Amino acid sequence: MLELTILGFLDDRPLHGYELKERIQGLSGHVRPVSDGALYPAITRLVKNGLVDSRTEPGAGAAPRRVLSLTPEGRAELFDRLRSPKDVEITDGQRWFTLLAFLGRLPDPAGQAAVLRRRQAFLDTPASFFYEAGAPVRAEQEPDLFRRGMLRIARATGTAEKAWLTEALAELDRKTAGNQDPSDRSGRDAP
């Protein structure tokens, strides 16, 4: 996810390493802080693979700074990762938010909708933090005050996300329908 985050923020505009770290911290630092020991090797890999360009520019003070920018190959990689996320990026809440932060970069509304539909299918599958006899425990069944709180919060969050997904998918479907070539009717309205 760190590489996706780097590619996503560099798609906004070129950044120097410190600015990039600050943006990453803002997105997920409260849950998963990023260390220099993880960030700079990831940047080095992306530069080595031709996905990110690194150049040195004069700094505001005396020290020069390294400015990073996305290459065309990096943008293509970003779009590939957004179009085909791993299952864990759909099911893990923090990874999902990271993916969601950049999904708007994908220029294809149908591709965006496909990713949202995967999340929607995941949320529609009954689940719980706790199970009894193989069945998910509902908040109303949980005697423990704190576990009951976890279940209620998760249900409220899930309900809000499902409502947003329904709205977002309707909007993306309208965009997709509006982008169809009128000459390509795919057999619709055929006699």
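Residues numbered from 1 in each chain as written. Predicted model: local features only at pLDDT ≥ 70, side-chain atom pairs only at ≥ 80, totals over all residues. Heavy atoms only, no water.

Chemist: Could you give an account of the pattern of salt bridges, with specific residues and numbers?
Modeler: A complete count under the given rule lists 17 salt bridges for this structure. We note a salt bridge from Arg 118 to Asp 87, for which the minimum N-O separation is 2.8 Å. Of the two residues, Arg 118 sits in helix H7 (residues 109–124) while Asp 87 sits in helix H5 (residues 87–91), which places them 31 residues apart along the sequence. With a relative accessible area of 57%, Asp 87 lands in the exposed category. (Salt bridge = Lys/Arg side-chain N within 4 Å of Asp/Glu carboxyl O. Helix = DSSP H or I, 4+ residues; strand = E, 2+ residues; numbered from the N terminus. Buried < 20%, exposed > 50% of the residue type's maximum accessible area, 1.4 Å probe, protein only.)

Chemist: Could you give an account of H7, naming the residues involved and the relevant values?
Modeler: An α-helix turns once per 3.6 residues; consequently, residues spaced three or four apart project the same way. Compared with an ideal rise of 1.5 Å per residue, which puts 16 residues at 22 Å, H7 spans 22 Å between its outermost C-alpha atoms and is within 8% of the ideal. Within H7, burial applies to Pro 109, Gly 111, Gln 112, Ala 113, Val 115, Leu 116, Arg 119 and Leu 123. Contacts made by the buried residues of H7 are with helix H4 (72–83), H5, helix H6 (93–103) and helix H8 (145–178). The opening residue of H7, the one whose side-chain oxygen lies 3.1 Å from the backbone nitrogen of Ala 110, is Asp 108. (Expected span 1.5 Å × (residues − 1). Contact = heavy atoms within 4.5 Å. Polar contact = N/O pair within 3.5 Å; in protein donor to acceptor, adjacent residues only side chain to side chain.)

Chemist: Provide a residue-level description of the nonpolar core, including the pertinent values.
Modeler: In this structure, Ile 6, Leu 20, Leu 82 and Leu 116 are the most contacted members of the largest nonpolar core, which totals 34 residues. Counting only elements with at least two residues in this core, the list comes to helix H1 (2–12), helix H2 (17–29), helix H3 (36–48), strand E3 (65–70), H4, H6, H7 and H8. No other element matches H1, which puts 5 residues into this core. Ignoring sequence-local partners within four residues, the contact set of Ile 6 consists of Leu 20, Ile 24, Leu 39, Ala 42, Ile 43 and Leu 46. (Core = buried A, V, L, I, M, F, W, Y, C linked by side-chain atoms within 4.5 Å.)

Chemist: Let's hear about the side chain of Asp 11: which residues, and what values?
Modeler: On the secondary structure map, Asp 11 appears in helix H1. Look at Asp 11 and you get buried, because its relative accessible area is 13%. At 3.5 Å, the side chain of Asp 11 forms a polar contact with the side chain of Arg 105. Once residues lying within four places of it in the same chain are set aside, the contact partners of Asp 11 are Leu 70, Arg 75, Leu 78 and Arg 105.

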